[in-house]
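One-letter residues, chain by chain:
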Amino acid sequence: MSNLTIFDVEHGSCSLFAADTGATLMIDCGKNSSTGWSPTVELTNRNVGVLDVLAITNFDEDHANGLPELRDSHIQIKSLYRAKNLEPDQVIQLKSEGGVGPGIASLVDMAKSYTSPLSRPIDFGNMTKSMFFNSADDFDDENNLSGVIILRANGRKVVFPGDVEKSGFEVLMQREKFREAIANATILIAPHHGRESSIHEGFLNCVRPVWTVISDCGYKYDTQQTVPTYAQYSSGGNFRGGQRKVLTTRKDGTISFNLG
């Protein structure tokens, strides 16, 4: 049975999809500096020597600060899946004002070398993935240039919107294929760690997930207090013996779903 795990990486992002074929897909590469947890530690504990796909939704450090350690480890990363709205040097230029952290620097270096297609496709069984993103002609901030990743496995759908904000969703929602791809999801990873600036009613009304998962480490900003809003758009289901609509890594820790 395929499994999705959303890890507790504080105010960051990292998830792992493990297919029943044995193939692995990591979405974002954040780490938990407080506990010492990192993608490298997790994959090592799972005896994963090859990460088949590393997918990145956003060009912020909290989505990539575990990448330098992972690339320096014994674990091979086969392929990189990212939004192609920016060239690697453009990412550096975009981040230059606030400073380029080691995670983003490692991602840019990786993007420069991971340019050739794989010799053979990776067998994820019946899992398929797709990505949508805005154009750099429309936006010049990393949040609204995030890649929105949609996974489909065994009749389940998971939406990872990165840090897209309201204005970014406004443009994406004009595309019929995007609306079809996100509609009626099982799991929504709340965009931008649940920030109010990423609440777009049209997007949420289309996704209508069973569960919304917020990945954060507690209220760092007043605009994070959006659990009631997400609860309005989530139908809810059984989670650890109770009915829940919104899950948070700050209270629930690492969260796993069997996608069977």
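Before any of the text, the structure's been laid out above.
Residues numbered from 1 in each chain as written. Predicted model: local features only at pLDDT ≥ 70, side-chain atom pairs only at ≥ 80, totals over all residues. Heavy atoms only, no water.

**Q** Describe empty space enclosed by the protein, listing the residues and the values that go with them.
**A** Under the defined criterion, the tally for this structure stands at 1 cavity of 30 Å³ or more. Looking at the largest cavity, its volume works out to about 120 Å³. Along the walls of the largest cavity sit 17 residues, with Ser13, Asp28, His63, Ile189 and Ala190 positioned nearest its centre. For the lining of the largest cavity, a count of residues per class yields 6 nonpolar, 9 polar and 2 charged. (1 Å grid on protein atoms, 1.4 Å probe; cavity = no way out; pocket = protein on both sides within 12 Å on 5 of 7 lines; lining within 4 Å. Points joined across faces, edges and corners; volume = space filled by probe spheres on them. Nonpolar A, V, L, I, M, F, W, Y, C, P; charged D, E, K, R; others polar.)

**Q** Can you tell me about the sheet that holds strand E2 (residues 15-18), naming the residues and giving the values?
**A** Adjacent strands of a sheet form backbone hydrogen bonds with each other and so pair up, either parallel or antiparallel. In space, the 6 strands of this open sheet follow the order E5-E4-E3-E2-E1-E14, with mixed pairing throughout. In this open sheet, the two strands that pair with only one neighbour each are strand E5 (76-82) and strand E14 (255-259). Across the sheet, the mean angle from the axis of one strand to that of its neighbour is 20 degrees, orientation sign disregarded. Relative to E14, strand E1 (residues 2-6) is paired through 5 bridges, and the arrangement is antiparallel. Of the residues in E14, the one forming a bridge with Ile6 is Ile255. (Pairing = 2+ DSSP bridges. Helix = DSSP H or I, 4+ residues; strand = E, 2+ residues; numbered from the N terminus. Axes fitted to C-alpha atoms, helices over the stretch in contact; angles between N-to-C directions.)

Limitation: the analysis is restricted to geometry and does not speak to function.
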